[in-house]
Amino acid sequence: MFSSQTSSFQDSIDVEERDDFDSEDITGYSQKIQLNCYYTIYLYQGTRSEACGENVAWNERRADSTTSHDDFSLTLIDSSLPSEAEPELRTYISRRLSKGALLGGMGNIATVELRLELDKYVQGLHSSLRTPENLETEVRPYLSRWYEESVMHIHRVVQLFQSYIGFLLHAALSHTHVEVINSDERTKADVSRFIKAASLQGLSQQDTTTASLCKALSEDTQSDLIIDCSTSPPTLTNTMSNRFCDGWIQAFLNAAERCNPFLLRQILENFKLKAIQDMNSLKRFVRQAEMSHYALFRCCQFLQGCGNGDVLLQNARAEHSDLPEACNIIAVLDEFLREKAQA
């Protein structure tokens, strides 16, 4: 499954160099990008293995569309590609297979990191591929939706929430439970996948610590972000955000206007990367502050300037819960931020 793009893909925003983003950050997309989406599915069979009944059925059905090598064969099951283009793709994949460049159980995608999404989506085909009779009724309709289901969900979420997207970004970073009501199942799934994609769970700290933090927050019903989709735009209750999350809103909106889901995904990854960098910086400052008052002052300045102090301290508090000296430093920093907020 793949897509072709009619215009060149501009390098995404480099968060290493800039912290703030506006409409100038993604210039070069003045025209809407058009994407042509296709799918092709092949049956791979090692020549040394015994063919099962379902493989034999597919081989007999598409004997004219099989490429054979010494140790494997590749049979076309279905494709939305033009008839003249499919053999070229089959030749390319066969060449990659013969060199051992494609590994079983691992999705392969060029340019954009979508392997997890595509792998999960393709798993839904397993039961439908047992007999060729399912091609028209199950396989083909399922494959035709791959782009909408696996790629466009971030775009749909940004289009739905618009300037409210900052609240979702903050909820993802702060492990806030999000509940979607009065909505169809696809919107609920889109929001859930967006929150999961923007979350740092499993990346910034140990899974056990993150899990305990998520559980503690979920028990506080007042902290739940409630999204009511009975209105347009949706009504959000118990919203929280900060300057860091709000600073990314325009970048998401600009990319959504140009209908470029791949750029949206890259912006989301850059958002997470910047949050992780700031979290690592805070860890270093906290360690230094245990031995130096000047380092504590620098830590206060950093938290005030980054715009994400509440989230960083929340994660640091959970991660250093078994370190008394670090907890004392974090308590001082928390009091500092509260005083600045009141002022």
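Residues numbered from 1 in each chain as written. Predicted model: local features only at pLDDT ≥ 70, side-chain atom pairs only at ≥ 80, totals over all residues. Heavy atoms only, no water.

As named in an unreviewed UniProt entry, the chain is Protein Njmu-R1, taken from Xenotaenia resolanae.

**Student:** Can you break down the overall build of the chain residue by residue, with the values?
**Tutor:** The helix and strand tally for the chain stands at 15 helices and 8 strands. Of all 343 residues assigned to the chain, the portion counted as buried reaches 46%. In the chain, of all internal contacts separated by at least 6 residues, the share reaching a separation of at least 24 is 72%. By element, 48% of the accessible surface of the chain is carried by carbon and sulfur atoms, the whole surface being about 18600 Å². (Helix = DSSP H or I, 4+ residues; strand = E, 2+ residues; numbered from the N terminus. Buried < 20%, exposed > 50% of the residue type's maximum accessible area, 1.4 Å probe, protein only. Contact = heavy atoms within 4.5 Å. Areas by Shrake-Rupley, 256 points an atom, 1.4 Å probe, with all protein chains shown as cover.)

**Student:** Describe helix 13 (residues 293–306), and please don't skip the residues or the numbers.
**Tutor:** Helix length check: helix 13, at 14 residues, gives a terminal C-alpha distance of 20 Å against a target of 20 Å (1.5 Å per residue), a fit within 8%. Every buried residue belonging to helix 13 is among Ala295, Leu296, Cys299, Cys300, Phe302, Leu303 and Cys306, and all of these are buried. With its buried residues spanning 160 degrees around the axis, helix 13 presents them on a single face. Summarising the geometry of helix 13, the exposed residues directed more than 90 degrees from the buried face are His293 and Tyr294. Tucked inside the fold, the buried residues of helix 13 contact helix 10 (243–246), helix 12 (261–289), helix 14 (309–319) and helix 15 (324–342). Positive backbone phi, at 80 degrees, marks Gly307, one or two positions downstream of helix 13. (Expected span 1.5 Å × (residues − 1). Arc of directions from axis to C-beta.)

**Student:** For the packing of aromatic side chains, give the residues involved together with the corresponding values.
**Tutor:** Overall, the coordinates contain 9 aromatic pairs when judged by the stated rule. Ring pairing ties together the aromatic residues Trp146, Tyr147 and Phe262, which thus form one cluster. In this structure, Arg284 packs its charged tip against the face of Phe285, placed 5.4 Å from the ring centre. (Phe/Tyr/Trp six-rings, centres within 6.5 Å; stacked < 30°, edge-to-face > 60°. Lys NZ or Arg CZ within 6 Å of the ring centre and 35° of its normal.)

**Student:** Lay out the environment of Leu296 with the relevant residues and their values.
**Tutor:** Examined against the element boundaries, Leu296 turns out to sit in helix 13. Overall, Leu296 belongs to the buried group, its relative accessible area being 17%. On a C-alpha basis, the gap between Leu296 and Ile329 in space is 7.9 Å, while along the polypeptide they are 33 residues apart.

**Student:** Describe the sheet that holds strand 7 (residues 225–228), naming the residues involved and giving the relevant values.
**Tutor:** Read from one edge to the other, the open sheet built from 3 strands follows the order 6-7-8, with strand pairing classed as mixed. The two strands at the open ends of the sheet, each matched to only one other strand, are strand 6 (178–181) and strand 8 (235–237). Adjacent strand axes in the sheet meet at a mean angle of 20 degrees when their direction is disregarded. Note: strand 6 against strand 7, 4 bridges, orientation parallel. Looking at strand 7, one finds that Val178 is bridged to Leu225. Packed on one face of the sheet, helix 7 (residues 165–173) meets strand 6, strand 7 and strand 8 and runs near 145 degrees to strand 7. (Pairing = 2+ DSSP bridges. Axes fitted to C-alpha atoms, helices over the stretch in contact; angles between N-to-C directions.)

**Student:** Now, about the packing of helix 7 against helix 8 (residues 185–198): what can you tell me, with residues and values included?
**Tutor:** Two elements in contact, helix 7 and helix 8, have axes whose closest approach is 8 Å; the angle formed by their N-to-C orientations is 55 degrees. With respect to each other, helix 7 and helix 8 are oriented oblique. Considering the relative orientation of helix 7 and helix 8, their crossing is right-handed. Facing Ile165, Leu168, Leu169, Ala171, Ala172 and Leu173 of helix 7, the residues of helix 8 in contact are Val191, Phe194, Ile195 and Ala198. Across the contact of helix 7 with helix 8, the residue classes tally to 10 nonpolar, no polar and no charged. (Parallel < 35°, antiparallel > 145°, perpendicular 65-115°, else oblique. Left-handed = near helix turned anticlockwise from the far one by under 90°. Nonpolar A, V, L, I, M, F, W, Y, C, P; charged D, E, K, R; others polar.)

**Student:** Lay out helix 11 (residues 249–257) with the relevant residues and their values.
**Tutor:** Counting buried residues along helix 11, 7 of its 9 residues qualify, which places the element largely inside the surrounding structure. Residues of helix 11 that are buried include every one of Ile249, Ala251, Phe252, Leu253, Asn254, Ala255 and Ala256, and no others. The inward-facing, buried residues of helix 11 abut helix 6 (153–161), helix 7, helix 10 and helix 12. Note on helix 11: the residue one or two positions beyond its end, Cys259, has a positive phi of about 55 degrees.

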